[in-house]
Amino acid sequence: MNEPSSYEPPKVWKWVSESGGVFANINRPIAGPTHDKELPVGEHPLQLYSLATPNGVKVTIMLEELLALGFEGAEYDAYLIRIGEGDQFGSGFVDANPNSKIPALVDHSTSPSTRVFESGAILLYLAEKFGALMPKDPALRAECLSWLFWQMGSAPYLGGGFGHFYRYAPHRIEYAIDRFTMEVKRQLDVLDRRLADNRFMCGDDYTIADISIWPWYGGLVAGKVYDAAEFIDAQSYEHVNRWAGEIAMRETVKRGRMVNRANGPLEEQLRERHAASDFETRTQDKLEPEEAQD
Ligand SMILES: N[C@@H](CCC(=O)N[C@@H](CS)C(=O)NCC(=O)O)C(=O)O
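All figures in this text were calculated on a predicted structure; none of them were measured in a lab.

(A) Seen up close, the sheet that holds strand S4 (residues 114–117). Judged by pairing direction, the sheet is mixed, and its 4 strands sit side by side in the order S2-S1-S3-S4 without closing on themselves. With one partner strand each, in any of the chains shown, strand S2 (76–80) and S4 form the two edges of the open sheet. If you compare each strand with its neighbour and ignore which way they point, the axes differ by 20° on average. Pairing geometry for strand S1 (residues 46–50) and S2, over 5 bridges, is parallel. Residue pairing in the sheet places Ser 50 in a bridge with Leu 80 of S2. Its contacts with the sheet put helix H1 (residues 54–68) on S1, S2 and strand S3 (104–107), and the angle it makes with S1 is roughly 155°.

(B) Up close: unusual backbone geometry. For the bond from Ile 102 to Pro 103, the omega torsion is 0°, close enough to zero to count as cis. Inspection of the secondary structure assignment puts Pro 103 in the loop between helix H2 (91–96) and S3. The peptide bond linking Ser 111 to Pro 112 adopts the cis configuration, its omega dihedral lying at 0°. We note that Asp 233 has phi near 55°; this positive angle belongs to a residue other than glycine. Considering the arrangement of structural elements, one finds Asp 233 in the loop between helix H6 (208–221) and helix H7 (238–248). You can call Asp 233 exposed: it has 12 C-beta atoms within 10 Å. You will see that Asn 260, though not glycine, has its phi angle at about 60°, which is positive. Examined against the element boundaries, Asn 260 turns out to sit in the loop between helix H8 (251–258) and helix H9 (278–281).

(C) Quick look at the packing of helix H4 (residues 138–168) against helix H5 (residues 174–196). At a minimum axis separation of 9 Å, H4 and H5 run at an interaxial angle of 145°. Between H4 and H5 lies a crossing of left-handed hand. When H4 is examined against H5, the residues Ser 154, Tyr 157, Leu 158, Gly 161, Phe 162, Phe 165 and Tyr 166 are found in contact with a partner set consisting of Ala 176, Ile 177, Phe 180, Thr 181, Glu 183, Val 184 and Gln 187.

(D) Structural detail: the environment of Gly 219. Here Gly 219 shows up in helix H6. On the basis of neighbour counts, which here come to 20 C-beta atoms within 10 Å, the residue Gly 219 falls in the buried class. Discounting chain neighbours no more than four positions away, the residues touching Gly 219 are Pro 54, Lys 224 and Val 225.

(E) Region of the structure containing the packing of helix H3 (residues 119–130) against H6. Running from amino to carboxyl end, H3 crosses H6 at an angle of 155°, the nearest separation of the two axes being 10 Å. As the angle between them shows, H3 and H6 are arranged roughly antiparallel. The element H3 and its partner H6 pack so that their crossing is right-handed. Contacts between H3 and H6 involve Ser 119, Gly 120, Leu 123, Leu 124 and Ala 127 from the former and Ile 208, Ile 211 and Ser 212 from the latter. Within the contact of H3 with H6, the residues separate by chemical class into 5 nonpolar, 3 polar and no charged.

(F) Spatial organisation of the environment of Cys 144. By the element assignment, Cys 144 lies in helix H4. Accessibility expressed as a C-beta count within 10 Å gives 26 for Cys 144, which makes it buried. In this structure, Cys 144 is in contact with Met 134, Pro 135, Cys 202, Thr 207, Ile 208 and Ala 209, ignoring residues within four places of it in sequence.

(G) The arrangement of the pairing of S2 in detail. Burial runs high along S2: 5 of the 5 residues are buried. Burial along S2 is two-sided: Tyr 76, Ala 78 and Leu 80 facing one way and Asp 77 and Tyr 79 facing the other are all buried. The parallel pair S1 and S2 is bridged by H1, and the resulting crossover is right-handed.

Calculation rules
- Residues numbered from 1 in each chain as written.
- Predicted model: local features only at pLDDT ≥ 70, side-chain atom pairs only at ≥ 80, totals over all residues.
- Pairing = 2+ DSSP bridges.
- Helix = DSSP H or I, 4+ residues; strand = E, 2+ residues; numbered from the N terminus.
- Axes fitted to C-alpha atoms, helices over the stretch in contact; angles between N-to-C directions.
- Contact = placed C-beta atoms within 7 Å.
- Buried ≥ 20, exposed ≤ 12 C-beta atoms within 10 Å, placed from the backbone.
- Left-handed = near helix turned anticlockwise from the far one by under 90°.
- Parallel < 35°, antiparallel > 145°, perpendicular 65-115°, else oblique.
- Nonpolar A, V, L, I, M, F, W, Y, C, P; charged D, E, K, R; others polar.
- Right-handed = clockwise from strand over helix to strand, strands pointing away.

Here is the structure:
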């Protein structure tokens, strides 16, 4: 074990804004807006304000799945929220999500319009609204919701715990990395045992439980989340890899991953989405070269 730190917490914690770390510029101990900014509203019933992080792509995958199933009411406008630049603290975004985190959805097909925040709540809202991607049988529905809420409770250990200390913290702290690696490996083992006997998280059918879990844990074993596949020995989770590979092949998942993406290959970035045809015509490689450099 590395040398322990000599830090002793003071009686009352004080905010030192230059405390370091990759997200130091957006982290703060208070809520609420920092500036006035209305959100744009497009022509479709559903308005999404998001970014293609694992939490963000859950919702764009869900919407692309619903559209592929033929639900025209799932057409949506997706606007980019650049969290690194503080867009989540604009007054309009805070009205849509008082927690200032992507994703946030506003449904204008209801009167008054309905705001939904927290990716798990958005998946559940959409599954109930369209009667899709969630089992109707009460026992299977309970299983599906259990795994959906498992993800919501577990992923912060992967993101805020493991990811933060392994990838983003200004110093490598062995204790913290050990602590969260142990937990993340335990979570992967939970998934691996479940997927050993089940094609998808809730059995034979692909549901919002898979849509919720895949971007984090499928991304982790594929090396797309924190570039940590080797460190956590991802290949040893055989069934998670099989499941993750199958989901990655879905056209809906490939499309959902592109929406609100502002990094990676230009042909995979559809920063704003307003129509299905945007996937062919509005990816960054197709836009004017000046705009593509943004
Ligand atoms: N539990 C929330 C977590 C959302 C979340 O952490 N979003 C991150 C990006 S993945 C964010 O917006 N961070 C901006 C910030 O913390 O200021 C959900 O699942 O929707």
